[in-house]
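# Structural overview
Each chain, letter by letter, is given below.
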Amino acid sequence: MATDITDTAHAVEAAAVMRLLRARPRLLALGEPTHGEDTLLDLRNELFRQLVEQEGYRTIAIESDCMMGLVVDDHVTSGVGTLDEVMQQGFSHGWGTSAANRELVRWMRAYNEGRPASERLRFAGFDGPLEITGAASPRQALTALHSYLAAQVDTDLLPCTGESLDRLLGTDDRWTNPAAMMDPAQSVGQSAEAGELRLLADDLVALLDAQTPHLLAETPRDDWDRVRLYGRTATGLLRYHYWMADTSPARMTRLCALRDVMMAHNLLAVAARGPALIHAHNSHLQREKSTMQMWEGPVEWWSAGALVSAQLGEEYAFVATALGTIRHQGVDIPPPDTVEGLLYALPEDRCVIDAPRLATALGETRPAPRVSPYFGYSPLDPAHLAGNDGIVFVKDVPQI
C-alpha cells in the first residue's frame, strides 16, 4: 500500500495530542490494545505528567476497581497508607504488580506534597468491582452507603437497618462463587434476598438524592461524591448479579453491556470533577460497539466510550494506541497492507497520528484487518479509523 502518511505523524507529546482536537476535552481517553505491558504504561505516565504540567489536568482514571481505587486516591491526596500497601490493596486485575503503576502512584504523591487541596492530583478506578469471571459482593458499597446516611439523616427515613442488610447479604462467598459465570443456576442474583436488596439499594440512593442539600451542607463535597460512588456501585453490582442468574441467549451480551454502563457512569462522575486522562483497553473507550467471541458465541454491546461520547460530545476525545510487535507474545512485524503495517514503515519508534487525516489519505483503499496470533492483543479495526481522534503508535514493545 503506497499511501504517504509521513505528514500525519508527530512526536508523542501532550501538545501534539491536543493539536488534533478542536478544544481541550474534559475526558481525554487513551486506549491500549493489550494489557500488562509497562512500556505502554510508561508512555501513559509521561503523557499524564505533561497534561498536568501543560494543560491543567488533575485526574487520571484507569481500568481498575472503582472501590479499590479509593485507597490509591487517599494515598496520593493525603498520604494514607504506605506505597506497598496501596499497590496491594488499591488495584484490581493484578495491576498493582506493575512497576509503571507504582511509579505513577509515587509521582502523584510527591507532586501533591505541600499543595492545597484544589491543586492536588486525583486518582480513580472506573471499572466496577468485577471481572469477566465473576463479580464482588455488594456488601462493601451497600453498607458504606447505609452507614453514611444513618449518620446524617433521621432514622425514620432509612428504608432498613444495618442489621437487615447484613442478614439479606449473607456470606460474601455466596456472591463471589466462580461457578456462577458459567452456570446461571449457581448465582444468587435472582434469589428473594437479592431482590429485596435491589429495592433497598434503590431506596437508599433515592434518599441520598433527596437529601443532597442537607448532606452537602453537613459533609465535604468529596464525601458526598464518594457516597454517590457507593450508590452507583451497589445498584450496579446487584443488577449485574441479577443478570448473572439469567438463562436467556442475551445473558452475556447484557453482562458485557452492564459492565460498560458502570464504567460510563463512573467516567461521567470523573468528568464532573474537571479534565481527566482516562486509560483502559481500546475496546472500552472506542466510540463504536465492542465485540467479543465468548463461549456462548459472539456478543456485541456499546462501549463505555461510546456511551460517554454520546453525552459529552466534543468534551470526550479518544486516542487509540496501536503497536507493531510484541515479540515475547509471538506478535511479529505486521503485514504491510494493515494499518499497523503502514505505521510500522514510518521512521519513528513512537508517533502520534491524526486518525481522521489518515482515513482521508487512505480514501477507498481500506487496509486489511490484522490477525493477532496472541489472544491478549487486539489490532486496530480499519473500519474504526475515522472514529478515532488520534492514534499513538509504538513500533516495538520489548519484554521488561
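The structure displayed is predicted, hence computed values, not measured ones.

Parameters and conventions
- Residues numbered from 1 in each chain as written.
- Predicted model: local features only at pLDDT ≥ 70, side-chain atom pairs only at ≥ 80, totals over all residues.
- Heavy atoms only, no water.
- Axes fitted to C-alpha atoms, helices over the stretch in contact; angles between N-to-C directions.
- Helix = DSSP H or I, 4+ residues; strand = E, 2+ residues; numbered from the N terminus.
- Parallel < 35°, antiparallel > 145°, perpendicular 65-115°, else oblique.
- Left-handed = near helix turned anticlockwise from the far one by under 90°.
- Contact = heavy atoms within 4.5 Å.
- Salt bridge = Lys/Arg side-chain N within 4 Å of Asp/Glu carboxyl O.
- Buried < 20%, exposed > 50% of the residue type's maximum accessible area, 1.4 Å probe, protein only.
- 1 Å grid on protein atoms, 1.4 Å probe; cavity = no way out; pocket = protein on both sides within 12 Å on 5 of 7 lines; lining within 4 Å.
- Points joined across faces, edges and corners; volume = space filled by probe spheres on them.
- Nonpolar A, V, L, I, M, F, W, Y, C, P; charged D, E, K, R; others polar.
- Polar contact = N/O pair within 3.5 Å; in protein donor to acceptor, adjacent residues only side chain to side chain.

## Some thoughts on the packing of helix α6 (residues 139-152) against helix α9 (residues 192-210)
- Direction vectors running N to C along α6 and α9 enclose 40°, while the axes themselves pass 11 Å from each other. It follows that α6 is oblique to α9 by the angle criterion. Judged by the twist between their axes, the crossing of α6 over α9 is left-handed. For the pair formed by α6 and α9, the contact residues are Leu142, Leu145, His146, Tyr148 and Leu149 on the first element and Leu197, Ala201, Leu204, Val205, Leu207 and Leu208 on the second.

## Some details on the pattern of salt bridges
- With the rule as written, the count across this model stands at 20 salt bridges.
- Linking Arg22 and Glu314 is a salt bridge whose minimum nitrogen-to-oxygen distance equals 2.8 Å. Taken together, the residues span a long stretch of sequence, with Arg22 in the loop between α1 (14-19) and β2 (27-32) and Glu314 in the loop between α14 (304-312) and β10 (316-325) at a distance of 292 residues. The same class applies to Arg22 as to Glu314, namely exposed.
- The salt bridge involving Asp74 is made with Arg226; its shortest N-O contact spans 2.9 Å. One end of the pair, Asp74, is in helix α3 (residues 69-78); the other, Arg226, is in helix α11 (residues 221-244), and 152 residues separate them in sequence.
- The class of Arg226 is partly exposed, set by a relative accessible area of 23%.

## So, empty space enclosed by the protein
- Under the counting rule described, the total for this entry stands at two cavities of 30 Å³ or more.
- By volume, the largest cavity is sized at about 50 Å³.
- Lining the largest cavity are Ala14, Val17, Leu28, Leu30, Leu47, Leu51, Leu277 and Val319.
- Looking at the lining of the largest cavity residue by residue, the class counts come to eight nonpolar, no polar and no charged.

## Overview of the side chain of Thr321
- Relative to the assigned elements, Thr321 resides in strand β10.
- At a separation of 2.6 Å, a polar atom in the side chain of Thr321 contacts the main-chain carbonyl oxygen of Gly31.
- Residues in contact with Thr321, not counting those within four places in the same chain, are Leu30, Gly31, Glu32, Pro33, Leu40, Asn282, Leu380 and Val392.

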